[in-house]
Amino acid sequence: MARWPYNHEDLRAMYAGGRGNTTARRWARFWAAVHGTGAFPRRWVTLEVPGRRSGRTTRFPLGLADWQGGWYLVSMLGDDCNWVRNVRAADGRATLRHGRARPAHLVEVPVDERAAIIRRYLQKVPGARPHIPVHRTAPLAEFEAVAARYPVFRVDYAPAPARRRRRWLRLSLAAIVALVVLLAGAVVAAVKLQPVPSPLALPATAAAPAGTLDGAYQPAPGSLAGFRIQQTVLGLTSDVVGRTADIGGAATITAGRVTDATLRIGLLALTSGNGKRAPQFDISLDTAHYPDATVTLTQPAPLDASLSSGAALPVTGSLTLHGITRPVTVTLSVRRDGAGLDVAGSMPVAFADFDLASPQGYGAFGSLADHGTAEFLLLLQPRA
């Protein structure tokens, strides 16, 4: 079975209060489809049982425990689990799907017979271990102490009808379906699990203002700039983020106004959220021919003399990208930080405005937007 990409704390959080959250339900649908193909060992099945209220078929991916020649289902979430309540409401009538559907009668096991089965269940079904507070190698007495809390059902399969089966064809189709589902799941997991940097913003703290505000400033270490583009994969959305610390330029403040400012952003140094090079940005921005982006102030901007709490500053300027210059208007957050200034802001960028090639998507799985957001955090210090 594929490795589950969450630790025990994550798994317990998914089922807080005995109910699966959105992530748990998403994975349940995924594994129900996979188990139902029969591509994995026979232990992994999809339980199909009518909903006790709706009457519609509900599906639950489950692992079977084998014990003394029989197969058993164990509820890792206890009595209040949905599939347990549905099975009881259906008087044990259900279907287990593993490549093909097999009708079965689920017979609830008495409490005094459960302990050994629950221990075997924990030994064979790793995903249940975070939810049952007994180690899988513990003495049987420890399982007897909790057995009343975890329902166990013996699986009595209905006799299979005699029929000619083309097993090789069924297995091949099951393998193809499983591969497609696994690939889709891997893409979804990558989208959801990949860390995405938060939008650039002013640092949490700043030193008390010191010295005069007028003067010449330049970006100091810690300044960042980059792009953020939304991706959609199998209906799920997240951001692809590129960042660079290669920032140069200068700004001049005279009589409490920013009279001149030019910012150069080195695009060749763009990296993705995991700190690796971002070839998709290189291709879309054509960094081989246009290695820099430039932001230039075109109208003076007045400043609040104190700037102690991150004042909003509307500015008008121009953005040069891919050899094309366009006017831009952006509202900056500006705050004094000792003798320097902290500046954060963002602006929308439509690729068509700068004759940029739209980023390549993921084929049938998803796509990347044809626009993005340029963002930056400047830690400006007085020039020597």
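The present account deals with the structure reproduced in this document. Note that the coordinates shown come from a computational prediction; the quantities given were computed from them, not determined experimentally. (Residues numbered from 1 in each chain as written. Predicted model: local features only at pLDDT ≥ 70, side-chain atom pairs only at ≥ 80, totals over all residues. Heavy atoms only, no water.)

Digging into the overall build of the chain
Helix and strand content of the chain: seven helices and 19 strands. Across the 384 residues of the chain, 41% fall into the buried class. Sequence-distant contacts, at least 24 apart, represent 65% of the contacts inside the chain between residues at least 6 apart. Surface summary for the chain: the accessible area is close to 19800 Å², and the carbon and sulfur share equals 55%. (Helix = DSSP H or I, 4+ residues; strand = E, 2+ residues; numbered from the N terminus. Buried < 20%, exposed > 50% of the residue type's maximum accessible area, 1.4 Å probe, protein only. Contact = heavy atoms within 4.5 Å. Areas by Shrake-Rupley, 256 points an atom, 1.4 Å probe, with all protein chains shown as cover.)

A closer look at the side chain of Arg43
Residue placement: Arg43 occurs in the loop between helix H2 (22-37) and strand E1 (44-50). Judged by relative accessible area, Arg43 falls into the buried class, the value being 13%. Within the structure, the side chain of Arg43 is placed 2.9 Å from the side chain of Asp66, a separation counted as a polar contact. Each residue touching Arg43, except ones within four places of it in the same chain, is listed here: Leu62, Gly63, Leu64, Ala65, Asp66, Trp71, Arg120 and Lys124. (Polar contact = N/O pair within 3.5 Å; in protein donor to acceptor, adjacent residues only side chain to side chain.)

Topic: the pattern of salt bridges
Enumeration over the complete set of coordinates arrives at 15 salt bridges. The partner of Arg88 in a salt bridge is Glu108, and the shortest N-O contact between them spans 2.6 Å. On the criterion of sequence distance, the pair formed by Arg88 in helix H3 (residues 82-89) and Glu108 in strand E6 (residues 100-108) is long-range, its members being 20 residues apart. The exposure class of Arg88 is partly exposed, given its relative accessible area of 34%. A relative accessible area of 33% means that Glu108 is categorised as partly exposed. Taking the shortest distance from any N to any O, the salt bridge between Glu375 and Arg243 comes out at 2.8 Å. Of the two residues, Glu375 is situated in strand E19 (residues 371-382) and Arg243 in strand E10 (residues 236-244); the sequence distance between them amounts to 132 residues. According to the relative accessible area criterion, Arg243 is buried, its value standing at 13%. One salt-bridge network, held together by shared partners, links Asp79, Arg88, Glu108 and Arg114. (Salt bridge = Lys/Arg side-chain N within 4 Å of Asp/Glu carboxyl O.)

Observations concerning the pairing of strand E5 (residues 93-98)
As defined by bridge partners, E1 adjoins E5 across three bridges and the pair is classed as antiparallel. The partner of Thr46 across the bridge, within E5, is Arg97. In this sheet, E6 lies alongside E5 in antiparallel orientation, the contact comprising six bridges. Looking at E6, one finds that Arg97 is bridged to Ala101. (Pairing = 2+ DSSP bridges.)

A look at H2
Relative to the 22 Å expected for 16 residues at 1.5 Å per residue, H2 spans 24 Å between its end C-alpha atoms, a close match to the ideal helical length. Within H2, the full set of buried residues consists of Ala24, Trp27, Phe30, Trp31, Ala32, Val34, His35, Gly36 and Thr37. (Expected span 1.5 Å × (residues − 1).)

Considerations on the packing of aromatic side chains
For any two aromatic rings, the description comes down to two numbers: the centre-to-centre distance and the angle of the planes. Counting across every chain of the model gives three aromatic pairs. Consider the rings of Trp31 and Phe40, whose centres lie 6.2 Å apart with planes at 45 degrees: the pair is tilted. Here Trp31 and Phe40 have matching classes, each one buried. Pairwise contacts between aromatic rings join Phe30, Trp31 and Phe40 into one cluster. Over the face of the ring belonging to Tyr157 we find Arg102, whose NZ or CZ atom lies 4.0 Å from the ring centre. (Phe/Tyr/Trp six-rings, centres within 6.5 Å; stacked < 30°, edge-to-face > 60°. Lys NZ or Arg CZ within 6 Å of the ring centre and 35° of its normal.)

A short note on unusual backbone geometry
Only a minority of non-glycine residues have a phi that is not negative, and only a minority of peptide bonds are not trans. Even without glycine at this site, Gln68 takes up a positive phi of about 50 degrees. Here Gln68 falls in the exposed class, since its relative accessible area comes to 74%.

Brief notes about the sheet that holds E5
Spatial ordering of the open sheet is given by E2-E1-E5-E6-E7-E4-E3, a layout of seven strands whose pairing is antiparallel. What marks the edges here is a single partner per strand, and that holds for strand E2 (57-63) and strand E3 (65-67). Sheet twist, expressed as the mean angle between neighbouring strand axes with direction ignored, is 40 degrees. (Axes fitted to C-alpha atoms, helices over the stretch in contact; angles between N-to-C directions.)

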